[in-house]
Amino acid sequence: MWDYQRKLIYPVKIKNPNPKLAKIVISQYGGPDGELAASLRYLSQRFTMPDEVSKGLLTDIGTEELAHLEMVGTLVNQLTRGTNADCVKESGFYDYFINHSTGVYPANTNGTPFNAMALAVTGDPITDLNENLAAEQKARSTYDNILRMSDDPDVNDVIKFLREREIVHYQRFGEALRRVEEKLTSKNKFYMNN
Amino acid sequence: MYYPKTDFCPFNTDNPEYSPSRENERVECPIDERELQKEMQRELTRSDMEQSPNHDTRCEMMKKIEETEFAVIDLNLFLDTHPDCAQALELFAKLAATLKSLKSDYQARYGPLYACESKKDTPFQWVEPGRKWPWEI
């Protein structure tokens with residue numbers, strides 16, 4: 001189970017509303033490489049991990065991703081605060097606005113709703129841990145692209161924090177994968193479940 | 001040509017050549033304790049807090065909680081994959097204790113961070129008007 005703490009894992013204080021930027025950032029809320037997909041992926045995969053290290057790591061990173069989800073939701077909320085009809089029309093936020101107003105809905109930048117097809121749970125630890133290494137890099141690439149498009153220092157500070165966590169998670173998943181591989185016997189010589 | 005067996009069998013993880021010591025070959029604690037100590041030195045004194053129980057003090061207390069909690073979370077992940085690193089575990093335990101006392105100080109002044117830490121009397125302090133939610137700051 002989980003306990004809710006009435007604080008963010010890292011502070012988010014956006015001074016200037018910017019609906020256009022909100023539409024980019026929403027992708028890390030409900031997009032294929034976003035924080036929702038990440039938390040569901042790790043918290044679902046952990047049940048079939050073969051060793052204590054992987055079970056613990058997936059639980060802890062999955063939990064951290066839920067805190068990151070809250071940060072991204074906060075970013076979207078604060079970027080659309082106090083916005084008016086003209087601003088929505090001019091910014092290109094209008095297609096999102098028609099269905100959701102300024103509500104925070106898990107979708108990607110082009111409006112596709114969140115889909116669990118973005119994550120895999122195969123029950124095979126080698127396959128799942130490799131999936132996670134790729135997932136962390138995909139999220140890092142998306143944050144890189146957000147940084148290329150955004151010129152708001154308040155937003156960039158938050159995005160840089162999240163980007164850095166992807167790199168740390170990649171490192172930890174690499175260590176967990178190496179450990180699982182080292183524990184395999186010669187029967188699993190190609191790291192396959194055989 | 002390789003074909004998987006038709007029967008599903010779980011991974012065989014009892015490699016007789018596996019030795020746990022190999023896991024710690026490249027152990028390096030991710031947080032420099034001396035750097036951290038310097039940060040922890042600028043603890044707020046009680047008189048500071050009494051002189052200015054205002055927004056700034058609150059922000060600074062929250063910042064210390066955030067920083068300490070970040071270190072605890074990062075050490076937690078590090079310890080997951082390096083369970084034999086004594087240096088990291090010692091630091092983790094120390095910071096977890098610091099975090100606990102920072103949170104209890106904060107909650108005593110500014111209200112609960114956890115619903116179950118609310119005061120006993122009504123109205124329920126968790127949803128007291130005037131307190132902001134994390135995204136509203």
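Participant: I keep staring at the overall build of chain A and nothing clicks. Help me out?
Facilitator: Assigned secondary structure in chain A consists of 8 helices and 0 strands. Secondary structure elements in chain A, listed N-terminal to C-terminal, are α-α-α-α-α-α-α-α. Within chain A, buried positions represent 51% of all 194 residues. Considering only contacts within chain A whose residues lie at least 6 apart along the sequence, 77% involve residues at least 24 apart.

Participant: Even after reading the chapter, I still don't get the overall build of chain B, so can you show me in this structure?
Facilitator: Summing up its helical and strand segments, chain B has 4 helices and 0 strands in all. Along chain B, helices (α) and strands (β) appear in the sequence α-α-α-α when read from the amino end. Residue burial in chain B is summarised as follows: out of 137 residues, 34% are buried. Across chain B, the fraction of contacts at a sequence separation of at least 24, relative to all contacts at a separation of at least 6, is 56%. Counting every atom, chain B has about 9,300 Å² of accessible surface; 53% of that belongs to carbon and sulfur.

Participant: Would you explain the packing of helix H3 (residues 35-45) of chain A against helix H7 (residues 125-149) of chain A in this entry?
Facilitator: Geometry of a packed helix pair, given as the angle between the helix axes and the separation of the axes. All names here are of chain A. In the contact formed by H3 and H7, the axes pass within 11 Å of each other and the chain directions differ by 165 degrees. By the criterion of interaxial angle, the relationship of H3 to H7 is roughly antiparallel. You can see that H3 and H7 cross each other, and the crossing is left-handed. Facing Glu35, Arg41, Tyr42 and Gln45 of H3, the residues of H7 in contact are Asp128, Glu131, Asn132, Ala135, Glu136 and Tyr143. Broken down by class, the residue content of the contact of H3 with H7 amounts to 3 nonpolar, 2 polar and 5 charged.

Participant: Can you walk me through the layout of surface pockets in this structure?
Facilitator: Vacant regions in the atomic arrangement are exposed by a probe of water-molecule size rolled over the atoms. The calculated volume of the second largest pocket comes to roughly 700 Å³. Around the second largest pocket sit 23 residues that line it, and Asp3(A), Gln5(A), Thr63(A), Glu69(B) and Ile73(B) are the ones nearest its centre. For the lining of the second largest pocket, the elements supplying multiple residues, two or more each, are helix H4 (52-79) of chain A together with helix H3 (55-81) and helix H4 (86-110) of chain B. At 6 residues, H4(A) tops the list of elements feeding residues into the lining of the second largest pocket. Of the residues in the lining of the second largest pocket, the class split is 13 nonpolar, 3 polar and 7 charged.

Participant: Just to check I follow, could you spell out the packing of aromatic side chains for this structure?
Facilitator: Under the counting rule described, the total for this entry stands at 8 aromatic pairs over all chains. Between Tyr4(A) and Trp126(B) the ring centres are 6.5 Å apart and the planes differ by 85 degrees, which places this aromatic pair in the edge-to-face class. With Tyr4(A) in the segment before helix H1 (19-25) and Trp126(B) in the segment after H4, the pair connects residues from two separate chains. The exposure class assigned to Tyr4(A) is partly exposed, which follows from its relative accessible area of 36%. For Trp126(B), a relative accessible area of 11% puts it in the buried group.

Participant: Looking at this model, I keep getting lost on the nonpolar core. Mind explaining?
Facilitator: Considering soluble globular proteins, one finds that nonpolar side chains tend to be buried as a cluster. With 27 residues, the main nonpolar core has Val12(A), Val25(A), Met71(A), Leu75(A), Leu79(A), Val155(A) and Leu162(A) as its most contacted residues. It is H4(A) that contributes the most residues to this core, 7 residues altogether. Not counting residues up to four positions away in its chain, the partners in contact with Met71(A) are Ile9(A), Tyr10(A), Val12(A), Val158(A), Phe161(A) and Leu162(A). Ile65(B), Ala88(B), Leu95(B) and Tyr114(B) belong to the second largest nonpolar core, which has 18 residues in total.

Participant: Whenever I open this one, the environment of Leu129(A) confuses me. Can you help?
Facilitator: Mapped onto the fold, Leu129(A) is located in helix H7. Given the relative accessible area of 1%, Leu129(A) is considered buried.

Participant: Just to check I follow, could you spell out the pattern of salt bridges for this structure?
Facilitator: Two side chains carrying opposite charge are able to pair once their charged atoms lie near each other. For the coordinates displayed, the defined rule picks out 15 salt bridges over all chains. For the salt bridge of Arg140(A) with Asp144(A), the shortest nitrogen-to-oxygen distance reads 2.6 Å. Here Asp144(A) and Arg140(A) lie together in helix H7, a separation of 4 residues that amounts to about one turn. Look at Asp144(A) and you get buried, because its relative accessible area is 14%. With its nearest N and O atoms 2.9 Å apart, the salt bridge here joins Arg165(A) to Asp74(B). Here Arg165(A) is found in helix H8 (residues 153-183), whereas its partner Asp74(B) is found in helix H3 on a different chain.

Cut-offs and rules
- Residues numbered from 1 in each chain as written.
- Chains lettered and ligands numbered in written order.
- Predicted model: local features only at pLDDT ≥ 70, side-chain atom pairs only at ≥ 80, totals over all residues.
- Heavy atoms only, no water.
- Helix = DSSP H or I, 4+ residues; strand = E, 2+ residues; numbered from the N terminus.
- Buried < 20%, exposed > 50% of the residue type's maximum accessible area, 1.4 Å probe, protein only.
- Contact = heavy atoms within 4.5 Å.
- Areas by Shrake-Rupley, 256 points an atom, 1.4 Å probe, with all protein chains shown as cover.
- Axes fitted to C-alpha atoms, helices over the stretch in contact; angles between N-to-C directions.
- Parallel < 35°, antiparallel > 145°, perpendicular 65-115°, else oblique.
- Left-handed = near helix turned anticlockwise from the far one by under 90°.
- Nonpolar A, V, L, I, M, F, W, Y, C, P; charged D, E, K, R; others polar.
- 1 Å grid on protein atoms, 1.4 Å probe; cavity = no way out; pocket = protein on both sides within 12 Å on 5 of 7 lines; lining within 4 Å.
- Points joined across faces, edges and corners; volume = space filled by probe spheres on them.
- Phe/Tyr/Trp six-rings, centres within 6.5 Å; stacked < 30°, edge-to-face > 60°.
- Core = buried A, V, L, I, M, F, W, Y, C linked by side-chain atoms within 4.5 Å.
- Salt bridge = Lys/Arg side-chain N within 4 Å of Asp/Glu carboxyl O.

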